[in-house]
Amino acid sequence: MMQRRPIIGGNWKMNTNLETGMALASQVADAASTAKGCDVVIYPPFPALQAIDSVISSSPVTLGAQNFWPEDCGAFTGEVSCEMLTDLCVTSLLIGHSERRHVLHESDVLIAKKVDFAIRMDFQVVLCVGETLVQREAGNTLEIVLGQVQSGLESVKHDSMKNIVIAYEPVWAIGTGKTASAEDAQAVHSAIRQELASRYDDDVASSTRIQYGGSVKPDNAKELFACSDIDGALVGGAALSGESFAAIIEAAC
Ligand code: PEP
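My aim in this report is to walk through the structure given alongside it, one point at a time. This is a predicted model, so every value here is computed, not measured.

## Considering the state of the cysteines
Thinking step 1. Taken as a whole and judged by the stated rule, the model has one disulfide.
Thinking step 2. Disulfide pairing is shown between Cys38 and Cys253; the S-S distance is 2.1 Å. One end of the pair, Cys38, is in the loop between helix H1 (18-34) and strand S2 (39-43); the other, Cys253, is in the segment after helix H11 (242-252), with 215 residues separating them in the sequence.
Thinking step 3. Of the residues examined, Cys253 reaches a relative accessible area of 40% and is grouped as partly exposed.

Right under this line is the structure:
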């Protein structure tokens, strides 16, 4: 069986200021330097990216951005381009996070356009997918999640799949303290992997990393990471504490 390197992402959302963000980044850099068995990426708010890069640049931590606009440049007030992010040493982008889908109403069409643009600009893309509680209770989890995978990867060719990470994040588990059971999460991850096998081939299915996200904490991380199709986590709340995030990194490495 293919050994996939776990990937732990810290999504800081709209939290931290320059001082607290730099201190947190320094703790993450220390934790990642001693844990060599996984990739660690942090997604700070835009205004802190340059300062945070100076803190992590000599560590194994890589820098990600929470959003961008899929055009080269132009009249897009308030938006940030891929080129601007490249200048700041950003290499990974979150796309399709549930807060952008459900709070900021990003459509599947926009998400697919962002994936296509980011891949062409050579970024690592973390495509986030997940069902709401209503959809889960109606028995539609796989239909929703696999539909989001299909539409998000619409333009992604076989050779570009090496730059894609999928984050399965049930919407009802994000920031709520509720976590999917390891068994339920594993079942969805396995279904996503089967979808990749039928859409691409077994190589893509077995090499693509699929993170779990949704209230991952030091005390539930190990059980989730023990599942055969779970390759790390995208972490929100617990990524805001250096200690908790370090413990999650340690659990994965
Ligand atoms: C997230 O923001 O992607 C997330 C999973 O948040 P939390 O860990 O707080 O549920």
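## Re the packing of aromatic side chains
Thinking step 1. Under the criterion given, the structure shown has two aromatic pairs.
Thinking step 2. Each ring, one from Trp69 and one from Phe76, has its centre 6.1 Å from the other, and the planes form 40°; the classification is tilted.
Thinking step 3. Given a relative accessible area of 24%, Trp69 falls into the partly exposed group.
Thinking step 4. For Phe76, a relative accessible area of 33% translates into the label partly exposed.
Thinking step 5. When the ring centre of Phe68 is taken as origin, the NZ or CZ atom of Lys114, which lies over that ring, is 5.5 Å away.

## Let's talk about the site of the ligand
Thinking step 1. Around the ligand, the structure places 14 residues, and the nearest of them are Lys13, Glu169, Gly175, Ser215 and Gly236.
Thinking step 2. Lys13 places a side-chain nitrogen or oxygen 2.7 Å from an oxygen atom of the ligand.
Thinking step 3. Gly236 places a polar main-chain atom, nitrogen or oxygen, 2.8 Å from an oxygen atom of the ligand.
Thinking step 4. Protein burial of the ligand: of its 300 Å² of free accessible surface, 97% is covered by the chains.
Thinking step 5. Looking at the shell around the ligand residue by residue, the classes come out as four nonpolar, eight polar and two charged.

## Quick look at the pairing of strand S3 (residues 62-65)
Thinking step 1. As defined by bridge partners, S2 adjoins S3 across two bridges and the pair is classed as parallel. Following the sheet pairing, Val41 is matched in S3 by Thr62.
Thinking step 2. In terms of handedness, the path from S2 via helix H2 (residues 49-56) over to S3 forms a crossover that is right-handed.
Thinking step 3. Judged from the three bridges that link them, S3 and strand S4 (residues 90-95) form a sheet pairing that is parallel. If you follow Leu63 over to S4, its bridge partner there is Val90.
Thinking step 4. Taken together, S3, helix H3 (residues 82-87) and S4 constitute a β-α-β crossover, and its handedness is right-handed.

## A short note on the layout of surface pockets
Thinking step 1. Put simply, the largest pocket is a space of about 380 Å³.
Thinking step 2. In this structure, the largest pocket is lined by 16 residues; those nearest its centre are Lys13, Met14, Gln66, Asn67 and Arg100.
Thinking step 3. The residue makeup of the lining of the largest pocket, split by class, is seven nonpolar, five polar and four charged.

## Looking at the sheet that holds strand S5 (residues 124-129)
Thinking step 1. Read once around its circumference, the closed barrel built from eight strands follows the order S1-S2-S3-S4-S5-S6-S7-S8, with strand pairing classed as parallel. Here the average twist between neighbouring strands, direction ignored, is 25°.
Thinking step 2. Across the face of the sheet, H2 comes into contact with S2, S3 and S4 while running at roughly 165° to S3.

## Overview of the side chain of Arg209
Thinking step 1. Relative to the elements of secondary structure, Arg209 occurs in strand S7 (residues 209-213).
Thinking step 2. Contacts of Arg209, omitting those with residues within four sequence positions, involve Arg4, Arg5, Pro6, Ile7, Asp39, Gln124, Val165, Ile166 and Asp231.

## Structural notes on the pairing of S2
Thinking step 1. The buried fraction of S2 amounts to four of the five residues, a majority that puts the element mostly inside the structure.
Thinking step 2. Once you follow strand S1 (residues 7-11) into H1 and on to S2, the crossover reads as right-handed.

## What about H1?
Since the α-helix advances by 3.6 residues per turn, residues separated by three or four positions end up pointing in the same direction.
Thinking step 1. Compared with an ideal rise of 1.5 Å per residue, which puts 17 residues at 24 Å, H1 spans 25 Å between its outermost C-alpha atoms and is within 8% of the ideal.
Thinking step 2. Of all the positions in H1, only Gly21, Leu24, Ala25, Val28, Ala29, Ala31 and Ala32 are classed as buried. Here the buried residues of H1 occupy an arc of 165° about the axis, which is enough to place them on one side. Opposite the buried face of H1, at more than 90 degrees from it, the exposed residues are Glu19, Asp30 and Thr34.
Thinking step 3. Those residues of H1 hidden inside the fold are in contact with S2, H2 and H11.
Thinking step 4. Where H1 starts, the residue carrying a side-chain oxygen 3.0 Å from the main-chain nitrogen of Glu19 turns out to be Asn17.

## Some words on the nonpolar core
Thinking step 1. Counting 73 residues, the largest nonpolar core has Ile8, Ile42, Leu153, Ile192 and Phe225 as its most contacted members.
Thinking step 2. Those residues in contact with Ile42, other than ones at most four positions away along the chain, are Gly10, Trp12, Ala25, Val28, Ile52, Ile56, Val61, Thr62, Leu63, Gly64 and Phe245.
Thinking step 3. Membership of the second largest hydrophobic core comes to nine residues, among which are Val41, Val126, Val165 and Ala167.

Cut-offs used in this document
Residues numbered from 1 in each chain as written. Predicted model: local features only at pLDDT ≥ 70, side-chain atom pairs only at ≥ 80, totals over all residues. Heavy atoms only, no water. Disulfide = S-S within 2.5 Å. Helix = DSSP H or I, 4+ residues; strand = E, 2+ residues; numbered from the N terminus. Buried < 20%, exposed > 50% of the residue type's maximum accessible area, 1.4 Å probe, protein only. Phe/Tyr/Trp six-rings, centres within 6.5 Å; stacked < 30°, edge-to-face > 60°. Lys NZ or Arg CZ within 6 Å of the ring centre and 35° of its normal. Near = heavy atom within 4 Å. Polar contact = N/O pair within 3.5 Å; in protein donor to acceptor, adjacent residues only side chain to side chain. Areas by Shrake-Rupley, 256 points an atom, 1.4 Å probe, with all protein chains shown as cover. Nonpolar A, V, L, I, M, F, W, Y, C, P; charged D, E, K, R; others polar. Pairing = 2+ DSSP bridges. Right-handed = clockwise from strand over helix to strand, strands pointing away. 1 Å grid on protein atoms, 1.4 Å probe; cavity = no way out; pocket = protein on both sides within 12 Å on 5 of 7 lines; lining within 4 Å. Points joined across faces, edges and corners; volume = space filled by probe spheres on them. Axes fitted to C-alpha atoms, helices over the stretch in contact; angles between N-to-C directions. Contact = heavy atoms within 4.5 Å. Expected span 1.5 Å × (residues − 1). Arc of directions from axis to C-beta. Core = buried A, V, L, I, M, F, W, Y, C linked by side-chain atoms within 4.5 Å.

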